[in-house]
Amino acid sequence: MSEPATLDLSIVVPIYNEVDNVDPLIEQLTAALGPTGRSYEIICVDDGSNDGSWKKLEAAQAADPHVVAVQFRRNYGQTAAFSAGFDMSRGEWSITIDADLQNDPADIPKLLAKAEEGFDIVSGWRVKRKDAMIMRKLPSKAANWLIRKVTGVGLHDYGCSLKVYHRDVVKNIRLYGELHRFVPAVANSVGIRWAEMEVNHRARVAGESKYAGFTKTIKRATKVFLDLLTVRFLVSYATRPIHIFGVLGLGAFAVGTGLGVYLTILKIFFGANLSERPLLMLAVLLVILGVQFITFGLLGELVIRTYHESQQKPIYNIRKILAEADDTGDGDDDTGPVSSREKRAS
Ligand code: UDP
Ligand code: MG
């Protein structure tokens, strides 16, 4: 469980070789955030830049106490940068945005207003995306379609970095791999409310895209696909792996056994010569596979128990508890699996 927020907003910016974007970024963020009257911090995570971005961040931090500058020892990737920002965020809301100014800081107040209507995540949707068609927009459209189908969460633009997250979300969801784009899907599985809003998108003026080019696109697509598989598995079966492996295992075992019985009958009653039957191989293969799948399922069940019990992590997620204050307690005010939001006045 996380500590309560001490600020209104935490802006989280991943920065990898964006030397010419740092100053205009801070400037535009300040222009957008100042008038909202909220307390805020701008957490800039330098993801191992080697172009002088860090010098710019040092100077920005010295000039403006809103800036929190974090430097990674090496390049860990955008997801890790978001994750670091979330871990240290002090705000009630965390707002992620790219450093390259393709997202428009001026959109922040409207996304925030939407979130405050009662959503835990508000995601930007780059309706008029200013990127190359073939290499960027088409793959992204295909990926968004696939993610929508597989996760059942109907966002149009998973890849858009400009998103607003409630503290409950950023403090309770772990990010791995390229998982940052799946936060809404993971969050949805624990009953978090999300919304989407059209946002402005601009062409990159300074610096280079870190993901452009054929090989990078293929690499990224592969990672995203594997992550999607993981997310699908986590969302649907993480607490009951035997249900998927067991079904596969029983199926394979039953078909294998059926084939085996059939072949045995042929052999015993009709004197068939089984050494020339590829079907025999299939039967043996399926029986072995079946046993293995069931074993995976059982191992999975063991892993899940270790996972949940070692972290005292419940298999459910509570939004609110309403109850009369109990002062007769033994001084232990640990409310268990309740996140920070339940403690807010509602
Ligand atoms: N980024 C990062 N680490 C990386 C790659 C990118 O922190 O390893 C940052 C980058 O500085 C930018 C954001 O992630 O702020 C998005 O990167 P980019 O603009 O290159 O992606 P694109 O807009 O082309 O998808
Ligand atoms: Mg960009």
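Keep in mind that this is a model prediction, so the values were computed, not measured.

**Q** Looking at this structure, how should I read the pairing of strand β3 (residues 67-71)?
**A** A regular strand places its side chains so that they alternate between the two faces of the sheet. Alignment of strand β2 (residues 40-46) against β3, held across five bridges, turns out to be parallel. If you follow Ile 42 over to β3, its bridge partner there is Val 67.

**Q** Before we go on, may I ask you to explain the packing of helix α1 (residues 22-33) against helix α2 (residues 53-63) in this structure?
**A** Two packed helices can be described by the angle between their axes and the distance between those axes. Between α1 and α2, the least distance of the axes is 9 Å, while the angle of their chain directions is 35 degrees. Counted together, Val 22, Asp 23 and Ile 26 of α1 and Ser 53, Lys 56, Leu 57 and Ala 60 of α2 form the full contact between these two elements. Partitioned by chemical class, the residues of the contact of α1 with α2 number four nonpolar, one polar and two charged.

**Q** Just to check I follow, could you spell out the site of ligand 1 for this structure?
**A** In the vicinity of ligand 1 lie 18 residues, with Glu 18, Asp 47, Asp 100, Ser 209 and Lys 210 positioned nearest. Here Pro 14 contributes a backbone N or O atom positioned 2.8 Å from an oxygen atom of ligand 1. In the environment of ligand 1, an oxygen atom lies 2.6 Å from a nitrogen or oxygen atom belonging to the side chain of Arg 136. Considered on its own, ligand 1 offers 530 Å² of accessible surface; in the complex 95% of this is hidden by protein. Looking at the shell around ligand 1, its residues break down into five nonpolar, five polar and eight charged.

**Q** Sorry, what's going on with unusual backbone geometry here?
**A** Leaving glycine out, the prevailing phi sign among residues is negative, and the prevailing peptide bond configuration is trans. Positive phi, close to 50 degrees, is recorded for Asn 17, a residue that is not glycine. Mapped onto the elements, Asn 17 comes out in the loop between β1 (7-15) and α1. Assessed through its relative accessible area of 19%, Asn 17 is described here as buried. One non-glycine residue with positive phi stands out, namely Leu 101, at about 70 degrees. By the secondary structure assignment, Leu 101 is in the loop between β4 (91-96) and α4 (108-116).

Conventions and cut-offs
Residues numbered from 1 in each chain as written. Chains lettered and ligands numbered in written order. Predicted model: local features only at pLDDT ≥ 70, side-chain atom pairs only at ≥ 80, totals over all residues. Heavy atoms only, no water. Pairing = 2+ DSSP bridges. Helix = DSSP H or I, 4+ residues; strand = E, 2+ residues; numbered from the N terminus. Axes fitted to C-alpha atoms, helices over the stretch in contact; angles between N-to-C directions. Contact = heavy atoms within 4.5 Å. Nonpolar A, V, L, I, M, F, W, Y, C, P; charged D, E, K, R; others polar. Near = heavy atom within 4 Å. Polar contact = N/O pair within 3.5 Å; in protein donor to acceptor, adjacent residues only side chain to side chain. Areas by Shrake-Rupley, 256 points an atom, 1.4 Å probe, with all protein chains shown as cover. Buried < 20%, exposed > 50% of the residue type's maximum accessible area, 1.4 Å probe, protein only.

Purely geometric stuff here, so don't read any function into it on its own.
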